[in-house]
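As a plain string of letters, each chain reads:
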Amino acid sequence: MIWSSFSDFWSMGGYGLYVWGSFGVTAALLAAEAFWTRRGRQNALTRVASELQAADANGKDWH
Amino acid sequence: MIRKLFYFSSPQNFYPLAGKLWPMFACLATALTIWGLWLGMFVAPTDVQQGEGYRIIYVHVPVSWMSMVIYLAMAFWALLGLTFNTRLSGMLTSALAPTGAIFAFLSLWTGALWGKPMWGTWWVWDARLTSELILFFLYLGFIALTSAIDDARRADKAGAILALVGALNVPVIYFSVKWWNTLHQGASVSLTKGSSMQQTMLEAMLIMAVAFWMYAIAMTLYRVRSIILVRERHSQWVADLPEVKAQSLEART
């Protein structure tokens, strides 16, 4: 282990703001992307299902 | 092999394959990230010149590499789509773009946070930084262009041309530190000269690069499934999917 304490680790030898600013924003954006992508699938499923239902309701067979 | 490729170039066959593959890539990405961060943040020594500030390298270099790799992957699918007129190619090109845009943004963001303490400035208009900024705008342009065109096939074509022309910018980014006199340092890792980095630092950085690569593949596979669903919604196989049936049932009740 190269760090003597947690605060030593946290301060990153005075570069804490820059190092954690980089890692933090990267983690946040990737987490946000995972969330959006998941929601994108849910939206796609909802859209497909509702269009299929509308087609059924119209009694049209468009397959 | 060739027959398999043809088989999976159909969206109907690729959809279940992507569904099986993305969790594997997601697991790999998670495991490699934990390993890479452990090595980079707890094992790798302090840098002689930059102190602890150099640790930004464990995100900056991987996201920058991936921002270029993803654009090249888009250009590859674009070329394939334009040549063979395969439907899946356009869907994959579109599925790659958001992840590429995020990596390009992160490359600029982490670069600014690294530049401030080391160079004394967040930003300079030098060749490396400017060409990476152009790459970010190319991603945004691709997303804007393809989502502005309603007809999916025409959107794919227009996007493919933008992806191919924009790919010229990638070697410019890569070689900019050689071709021009820039503030940005030269490559620490090169295919011809090997690496000038300390062994553990290099390992941690490469592991993080592979981790982000796996993440990008997982995201793309997951996203392309949603694109396939919407584009193929008029075909019977989509209506027969258990997840679509479940969704319809849920909507009815």
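That block above? That's the structure.
Residues numbered from 1 in each chain as written. Chains lettered and ligands numbered in written order. Predicted model: local features only at pLDDT ≥ 70, side-chain atom pairs only at ≥ 80, totals over all residues.

### What about the overall build of chain B?
And step 1. Broken down by element type, chain B carries ten helices and two strands.
And step 2. Each helix (α) and strand (β) of chain B, taken in turn from the N terminus, gives the series α-α-α-α-α-α-α-β-β-α-α-α.
And step 3. In terms of principal-axis extent, the alpha carbons of chain B reach across some 65 × 40 × 35 Å.
And step 4. Within chain B, the proportion of its 253 residues that are buried is 41%.
And step 5. A separation of at least 24 residues holds for 76% of the contacts in chain B among residues at least 6 apart in sequence. (Helix = DSSP H or I, 4+ residues; strand = E, 2+ residues; numbered from the N terminus. Buried ≥ 20, exposed ≤ 12 C-beta atoms within 10 Å, placed from the backbone. Contact = placed C-beta atoms within 7 Å.)

### Quick look at the overall build of chain A
And step 1. Secondary structure summary: chain A contains two helices and zero strands in total.
And step 2. Expected size for 63 residues packed as a compact globule is a radius of gyration near 11 Å; at 24 Å, chain A overshoots this value by more than 25%.
And step 3. Counting only C-alpha atoms and orienting by the principal axes, one finds that chain A spans roughly 70 × 20 × 15 Å.
And step 4. Evaluated residue by residue, chain A yields a buried proportion of 22% over its 63 residues. (Rg over C-alpha atoms; globule rule 2.2 N^0.38 Å.)

### What about the interface of chain B and chain A?
Interfaces are often sized by the amount of accessible area the parts lose when they come together.
And step 1. The interface of chain B with chain A comprises 39 residues on the first partner and 30 residues on the second.
And step 2. Of all elements in the fold, only α3 (57-84), α4 (87-119), α8 (199-231), α9 (236-239) and α10 (242-252) of chain B reach the threshold of two or more residues within the side of chain B that touches chain A.
And step 3. By residue class, the composition of the side of chain B that touches chain A is 21 nonpolar, eleven polar and seven charged. (Nonpolar A, V, L, I, M, F, W, Y, C, P; charged D, E, K, R; others polar.)

### Here we look at the nonpolar core
And step 1. Core analysis: the biggest nonpolar cluster contains 78 residues, and M74, Y215 and A218 of chain B have the highest contact counts within it.
And step 2. For this core, the secondary structure elements donating two or more residues are α2 (16-57) of chain A together with α2 (11-43), α3, α4, α5 (127-148), α6 (152-166) and α8 of chain B.
And step 3. With 20 residues, α8 of chain B is the largest single contributor of residues to this core.
And step 4. When neighbours within four sequence positions are excluded, M74 of chain B is seen to be in contact with T93, L96, A97, G100 and A163 of chain B. (Core = buried A, V, L, I, M, F, W, Y, C linked by C-beta atoms within 7 Å.)

### Here's the deal with the environment of I56 of chain B
And step 1. Inspection of the secondary structure assignment puts I56 of chain B in the loop between α2 and α3.
And step 2. In this structure I56 of chain B comes out as buried when scored by C-beta crowding, with 26 C-beta atoms within 10 Å.
And step 3. What I56 of chain B contacts, discounting residues up to four positions off in sequence, is Y18, V19 and S22 of chain A together with T110, L113 and W114 of chain B.

### Description of the environment of T146 of chain B
All names here are of chain B.
And step 1. By secondary structure assignment, the location of T146 is in helix α5.
And step 2. Residues T146 and A239, 93 residues apart in the sequence, show an inter-C-alpha distance of 26 Å.
And step 3. Not counting residues up to four positions away in its chain, the partners in contact with T146 are S94, A155, A158 and G159.

### Here we look at unusual backbone geometry
And step 1. Even without a glycine there, the phi angle at M12 of chain A is positive, about 50°.
And step 2. Relative to the helices and strands, M12 of chain A is located in the loop between α1 (6-11) and α2.
And step 3. With phi around 60°, N85 of chain B is a residue other than glycine that occupies positive phi space.
And step 4. Its location among the elements puts N85 of chain B in the loop between α3 and α4.
And step 5. A residue is classified by how many C-beta atoms lie within 10 Å of it, and N85 of chain B, with 12 of them, is exposed.

### Describing the packing of α3 of chain B against α6 of chain B
Residue and element names in this part refer to chain B.
And step 1. Between α3 and α6, whose axes approach to 8 Å, the crossing angle comes to 130°. What the angle tells us is that α3 and α6 run oblique. The two elements α3 and α6 meet at a crossing, and its hand is left-handed. Between α3 and α6, the contacting residues are Y71, M74, A75, A78, L79, G81 and L82 on the first element and D156, A160, A163, L164 and G166 on the second.
And step 2. Along the lines of polarity and charge, the residues of the contact of α3 with α6 split into nine nonpolar, two polar and one charged. (Axes fitted to C-alpha atoms, helices over the stretch in contact; angles between N-to-C directions. Parallel < 35°, antiparallel > 145°, perpendicular 65-115°, else oblique. Left-handed = near helix turned anticlockwise from the far one by under 90°.)

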